[in-house]
Each structure stands twice: as structure tokens, then as C-alpha cells.
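Fold and contact review
These are the residues of each chain, in order.
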Amino acid sequence: MDRPRNLASIPLGVVQTPQTKHEDRDLAIQKSETEEGKIKMAFIAGPYIGDGSYVEIYRNIGEAERVAVHLANRGVFFFCPHTHTSFFGRKAKAPESFYKAMNFRFLSFCDFLIATPRWEKSDGARKVIEQCILERKLVFVLNSLDDAETYDEIEAYAKSGKS
């Protein structure tokens, strides 16, 4: 028996998702909305490759992940390219340009950007920040990984419904 290559090639009606799956999705979407509007999503920008050593990459992923955890604890949506493709340079054969293009695609779905404290050390972070400025997206810069005051501002903005 031939197997279809992807779900798009399966005739309609063959694959059915239980109604509860749709209810779960709809509930999650409803929870992402406030009275004022939808919760905005942040893009986390900061160094990734650094000097290219395993230790430096590990450190950079850890710093970005720490920012992501702060956001998750506050109920702020985010995209963290560092954790999304952690160590893919050693796992996959895609060129660096592939990851940069993918990051810009994800950036297009985000409403604002958060720069980690060492963002200036990253060509990639500088480029996504420049893009945000061109698109008039708000950029928050963390003074430290545990910058409570800036995280408060980020949370208020993300949940405000204001653009």
C-alpha cells in the first residue's frame, strides 16, 4: 500500500481531529486576548554565535532562555530563536543564511522586540533591531537579565492592547 507523502495528499474525511482539539485551541486563543485586545508577541534578540565556541554558544542560549522564562512567568508571548534552533549549527547542514532568513520571518509575526543586555555584540541582533526601527516596532533593551523594571514595562505593553 502506498503511503501519502503529507497530510495534504490524504482525501478529505480520512483524517479527523476530535472536537475537543478544536475546543482546546479556541480556549487557548480566547485566553490570549484581554479586554483591550490581543496579547502582543515579543522577539528576543541577542548574541548567539559569539566567538563560535561551544561554551560561548551555550552561554548565549542560556541568557536568551532566561529572558524567555521571565516572559513566560509573566504570561507574555515570545519567540526565542536561540532556543528554537539551539546548536543546530552542529546538528543540521543548513547555512547560517537559512537561520537568519527564518528569524526575519518570525520577526514579521512579532509585535515588538526585547534586546538582551549584550545585544550590541551580535550582528544578527543589530539587524533585527534595525528592522524593528524601520517597521516602527517598539524595542525594549534589558539592562540585566533580571531587569524587573523593564520586565514590568514589557508585561504592561504586551497586555495593553496598544500598538
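Before any of the text, the structure's been laid out above.
Residues numbered from 1 in each chain as written. Predicted model: local features only at pLDDT ≥ 70, side-chain atom pairs only at ≥ 80, totals over all residues. Heavy atoms only, no water.

A look at the nonpolar core
Formed by 18 residues in total, the largest nonpolar core has its most connected members in Ile44, Val67, Leu71, Phe112, Ile114 and Ile154. If sequence neighbours within four positions are ignored, Val67 has contacts with Ile44, Ile114, Thr116, Leu142, Leu145 and Tyr151. Core analysis: the second largest hydrophobic core is formed by twelve residues, Ala45, Ala115, Val128 and Ile129 among them. (Core = buried A, V, L, I, M, F, W, Y, C linked by side-chain atoms within 4.5 Å. Buried < 20%, exposed > 50% of the residue type's maximum accessible area, 1.4 Å probe, protein only. Contact = heavy atoms within 4.5 Å.)

A few points about the pattern of salt bridges
Any two side chains of opposite charge can pair, on the condition that their charged atoms come close. Going through the model one piece at a time under the given rule, you end up with nine salt bridges. Salt-bridge contacts for Glu56 lead to Arg118; the nearest nitrogen and oxygen are separated by 3.9 Å. Linking Glu56 in helix α2 (residues 54-73) with Arg118 in the loop between β3 (112-115) and α6 (123-134), this pair joins segments that are 62 residues apart in sequence. Here Glu56 and Arg118 have matching classes, each one buried. Lys137 is the partner of Glu135 in a salt bridge, and the nearest nitrogen-oxygen pair spans 3.3 Å. Under the relative-accessibility criterion, Glu135 is labelled partly exposed at 39%. Residues joined by salt bridges that share partners form a network here, namely Glu56, Arg59, Glu63 and Arg118. (Salt bridge = Lys/Arg side-chain N within 4 Å of Asp/Glu carboxyl O. Helix = DSSP H or I, 4+ residues; strand = E, 2+ residues; numbered from the N terminus.)

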